[in-house]
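Summary of the model geometry
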Amino acid sequence: PIKAFLFDLDGVIVDTAIYHYQAWRRLANELGFDISEEFNERLKGVSRTDSLDIILAHGGLTLSEARKTELATQKNEWYLELVSRMTSDDILPGVPNFFSQVRKAGLQTALGSVSKNAPLILERIGMNNVFDAIIDGNKISKGKPDPEVFTKGAAELEVSPAECVVFEDAVAGVEAGKRGGMYVVGLGSPDVLTQADLVAPSLETLTVDEVLARFQGEG
Ligand code: G6P
Ligand code: MG
C-alpha cells in the first residue's frame, strides 16, 4: 500500500521556480547571453553548482572554480532578495487543501528538495512544521536526477520506495523519483514530464483519493 507522499518544494509547494529563473537569467545577462524559459526546464530541480555549469556551457564559457563560486554566490544573493518578500500568500493554489486530505488519509509526508534554502523558504511560508521528514540540499551529496533526496526521505520515514508517491514539477525530479523506485506524479505538462506515471497541471486539480486509487492496486 501507499504509505507516504514525498514533495518537491520549488514549483510544487511554492512558486519559487520563477525566482530561480529570474536570478539565473540576470546572471546570464551579465555574462553577455540569455536563457529562455524552455532552456530553464533543464535547470529545474538541479543543484546550484550543476545549474551554473549547465548555464556556462550554454553560454560557451569556461571559468575557474573561484569565479564559479563567486557567480553562484551572486545568484543566491539575488534569489534571496526575491525570496525575502515571500509570505504564505506564495503557497501554490490547492496546496493547503491537498495537505489536509493527506493528513485525513493518514499518510506520512517528506520534503525532498535539493535546495539549500528550503528550510528558510518553509519558514517564510509558515510550513516548517508540516512535514514528517525534511530532506534538503544540506543533507545530500548528489542532486536530482540522482534519487538520493527521495530515498533518504523514505528511509527517514521508514517506508519502502514502492510505498511512496513523489510529486515533482521538474524533469530531473521525475527521473529521480523513478530511479528511486517510486511512483511519480508530474505537475506540469505531459509533453515535458514524459517519465511521470501520472501528470496533472498542479496539486489544485488532484485529490488524494484519485492518486491513491491510481497506484494502490499496482503494488
Ligand atoms: C531546487 C530548484 C533549483 C535550484 C535547486 C538548488 O531544486 O528547483 O532550481 O537550483 O533547488 O537551490 P538552492 O536554493 O540551493 O540554490
Ligand atoms: Mg521543483
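So, how was this worked out
Residues numbered from 1 in each chain as written. Chains lettered and ligands numbered in written order. Predicted model: local features only at pLDDT ≥ 70, side-chain atom pairs only at ≥ 80, totals over all residues. UniProt positions renumbered as here; feature names shortened; annotations may be inferred. Helix = DSSP H or I, 4+ residues; strand = E, 2+ residues; numbered from the N terminus. Buried ≥ 20, exposed ≤ 12 C-beta atoms within 10 Å, placed from the backbone. Contact = placed C-beta atoms within 7 Å. Near = placed C-beta within 6 Å. Nonpolar A, V, L, I, M, F, W, Y, C, P; charged D, E, K, R; others polar. Core = buried A, V, L, I, M, F, W, Y, C linked by C-beta atoms within 7 Å. Pairing = 2+ DSSP bridges. Right-handed = clockwise from strand over helix to strand, strands pointing away.

As recorded in an unreviewed UniProt entry, the protein chain goes by the name Beta-phosphoglucomutase, listed as coming from Spirosoma montaniterrae. In UniProt, the protein chain has this text filed under Catalytic activity (unreviewed entry): "beta-D-glucose 1-phosphate = beta-D-glucose 6-phosphate". Check the Sequence similarities (unreviewed entry) section of the UniProt entry for the protein chain; it says "Belongs to the HAD-like hydrolase superfamily. CbbY/CbbZ/Gph/YieH family."

This brings us to the UniProt feature "binding site: Mg(2+)" (unreviewed entry) in the protein chain. This chain's UniProt record puts "binding site: Mg(2+)" (unreviewed entry) on Asp8, Asp10, Glu168 and Asp169. Across 162 residues, the annotated set stays spatially compact, with a maximum C-alpha separation of 8.9 Å. One can find aspartate 10 in the loop between strand S1 (4-7) and helix H1 (17-30). The exposure class of aspartate 10 is buried, given the 23 C-beta atoms found within 10 Å. Apart from residues no more than four positions distant in its own chain, aspartate 10 is found in contact with Thr16, Ala17, His20, Ser113 and Ser115. Inspection of the secondary structure puts glutamate 168 in strand S4 (residues 164-168). Those residues in contact with glutamate 168 that sit more than four places away from it in its chain are Asp8, Val12, Gly173, Val174, Gly177, Val184, Gly186 and Leu187.

The subject of this paragraph is the site of ligand 1. Near ligand 1 there are 18 residues, and of these Asp10, Arg48, Ser115, Lys116 and Asn117 occur at the shortest range. When contributions to the shell around ligand 1 are tallied by element, the ones reaching two or more residues are H1 and helix H3 (48-58). Residue composition of the shell around ligand 1, by class: 5 nonpolar, 9 polar and 4 charged.

What follows is about the nonpolar core. Counting 58 residues, the largest nonpolar core has Ala4, Cys164, Val165 and Val166 as its most contacted members. Discounting residues that sit within four places of it in the chain, valine 165 has contacts with Ile2, Phe5, Met182, Tyr183, Val185, Val211 and Phe215.

This part covers the pairing of strand S5 (residues 183-187). As a general feature of sheets, a regular strand has side chains that alternate between the two faces. Burial analysis of S5 places 5 of its 5 residues in the buried class, the great majority of the element. Along S5, one buried face is formed by Tyr183, Val185 and Leu187 and the opposite face, lined by Val184 and Gly186, is buried too. As judged from the 4 bridges shared by S4 and S5, these two strands associate in the parallel manner. Note that in S5 the partner of valine 166 across the bridge is valine 184. The handedness of the S4 to S5 crossover, carried by helix H8 (residues 171-179), is right-handed. Pairing of S5 with strand S6 (residues 198-200) involves 3 bridges; the strand directions are parallel. From the neighbouring strand, glycine 186 faces S6, where its bridge partner is valine 199.

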